[in-house]
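# Notes for the structure review
Read off the chains here:
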Amino acid sequence: MSQPATSASPAVILTGDRPTGPLHLGHFVGSLRNRVAYQHEYKQFIMLADSQALTDNMDDTNKVHRNVVEVALDYLACGIDPAKSTILIQSQIPELAELTFYYLNLVTVARLERNPTVKQEIVLRGFERDIPAGFLTYPASQAADISAFKASIVPVGEDQIPMIEQTNEIVRKFNRLANKEILVECKAVVPDVGRLPGIDGKAKMSKSLGNVINLGASAAEITAAVKMVYTDPLHLKVSDPGHLEGNVAFIYLDAFDTEKASLQEMKDHYVRGGLGDSVVKKRLEAVLQDMLAPIRARREELAKDKGYIMQVLKEGTMRAREVAAQTCDEVKAALGLSYF
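All of the points below concern the structure found in this document. (Residues numbered from 1 in each chain as written. Predicted model: local features only at pLDDT ≥ 70, side-chain atom pairs only at ≥ 80, totals over all residues. Heavy atoms only, no water.)

As a further point, take the overall build of the protein. Scanning the protein from terminus to terminus reveals 14 helices and five strands. Against the compact-globule benchmark of 20 Å for 340 residues, the protein has a radius of gyration of 22 Å, which places it among compact chains. Dimensions of the protein, computed from the C-alpha atoms along their principal axes, are close to 80 × 45 × 45 Å. Of all 340 residues assigned to the protein, the portion counted as buried reaches 50%. (Helix = DSSP H or I, 4+ residues; strand = E, 2+ residues; numbered from the N terminus. Rg over C-alpha atoms; globule rule 2.2 N^0.38 Å. Buried < 20%, exposed > 50% of the residue type's maximum accessible area, 1.4 Å probe, protein only.)

All right, on to the pairing of strand 1 (residues 12-17) then. Within strand 1, five of the six residues are buried, which leaves it mostly tucked inside the rest of the structure. Looking at chain direction, strand 1 and strand 2 (residues 43-48) are connected through six bridges and run parallel. Residue pairing for strand 2: Thr15 is matched across the bridge by Ile46. Following the chain from strand 1 across helix 1 (residues 25-38) to the adjacent parallel strand 2, one finds a crossover that is right-handed. (Pairing = 2+ DSSP bridges. Right-handed = clockwise from strand over helix to strand, strands pointing away.)

With that settled, consider the state of the cysteines. In this structure the tally under the stated criterion is zero disulfides. No disulfide involves Cys186; its nearest neighbouring cysteine sulfur is the one of Cys328, lying 18 Å away. With relative accessibility at 8%, the residue Cys186 sits in the buried group. (Disulfide = S-S within 2.5 Å.)

To continue, consider the pairing of strand 2. With five of six residues buried, strand 2 is to be regarded as a mostly interior element. With five bridges joining them, strand 2 and strand 3 (residues 85-89) adopt parallel strand pairing. Following the sheet pairing, Met47 is matched in strand 3 by Leu88.

This next bit is on helix 10 (residues 219-227). Of the positions making up helix 10, those classed as buried are Ile222, Ala225 and Val226. The arc that holds every buried residue of helix 10, seen down its axis, measures 100°, which confines them to one face. The exposed residues of helix 10 that point more than 90 degrees off its buried face are Ala220 and Lys227. In this fold, the buried residues of helix 10 make contact with helix 13 (277-302). (Arc of directions from axis to C-beta. Contact = heavy atoms within 4.5 Å.)

Moving on, we get to helix 11 (residues 248-256). Within helix 11, seven of the nine residues are buried, which leaves the element mostly enclosed by the surrounding structure. The set of residues buried in helix 11 consists of Val248, Ala249, Phe250, Tyr252, Leu253, Ala255 and Phe256. Looking at the buried positions of helix 11, the neighbouring elements they touch are helix 1, helix 12 (260-272) and helix 13.

Here it is as structure tokens:
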């Protein structure tokens, strides 16, 4: 796990998820287990980005609404402690939208369209030129989210680094305009384990592609998913030498199996030949069952009291709003928008 630099006072981390479905193994390896570790050393804000999720889900707003609680359940089940991490709902902090509005005057449409992450997502969603304005302006919205809490550390996947670069462009431009350091530049922290492929071998584990293993998956669902995990298409007989590259079973074992020495022995055996995929998948299933069983149990217990979940979200959002409101006041004052 990549470690942010420490300082005398705890650094501020902002991270979060779009609540468009329950979280899965990709989220766990990419962010959740790091968040559990970070909360003991840093001041951490975790955002349920429901407003941002609407930029390409306006045709199904209920999906976003109902998944706010589902994602919060995943957070708590994985070990996020609301006493140590502030969990907040983006839409309930209007100062974030207000800051976005000001920041849009600091960036051009051409610059937004050049953002590599935005360009890639536009292609993936097939928008062509029918791009929702809210989607196109997401870099300004993310800059507002990050700068509102004066976060100096933002854990992201490698594909999101251009978004952090654009955030810092906006921060620097605003500070020059204000002629003082009001906003804070941030650093992208990329997890040591990269993005997990889907169980089908596709490059991205995605809820929309249905190639995921959810954190709350039942034992039977895990068993069924592991049977479908992509291995080596050239490994037709047990005696055939196997290949590790692109082999999802071994990619997952690298991410989650803690017995590294015996795992290396298995890899060597597989590459030599004489080891069947069924043996590899049996080990993978055992690892995932052991890892996910306690998470599933905690999730099921927490789900019995939705009132508690909502209270956690309300209290976290109120704490976060106080911080965002202070930053927004500073920004408005610098722009000459304080009158009373």
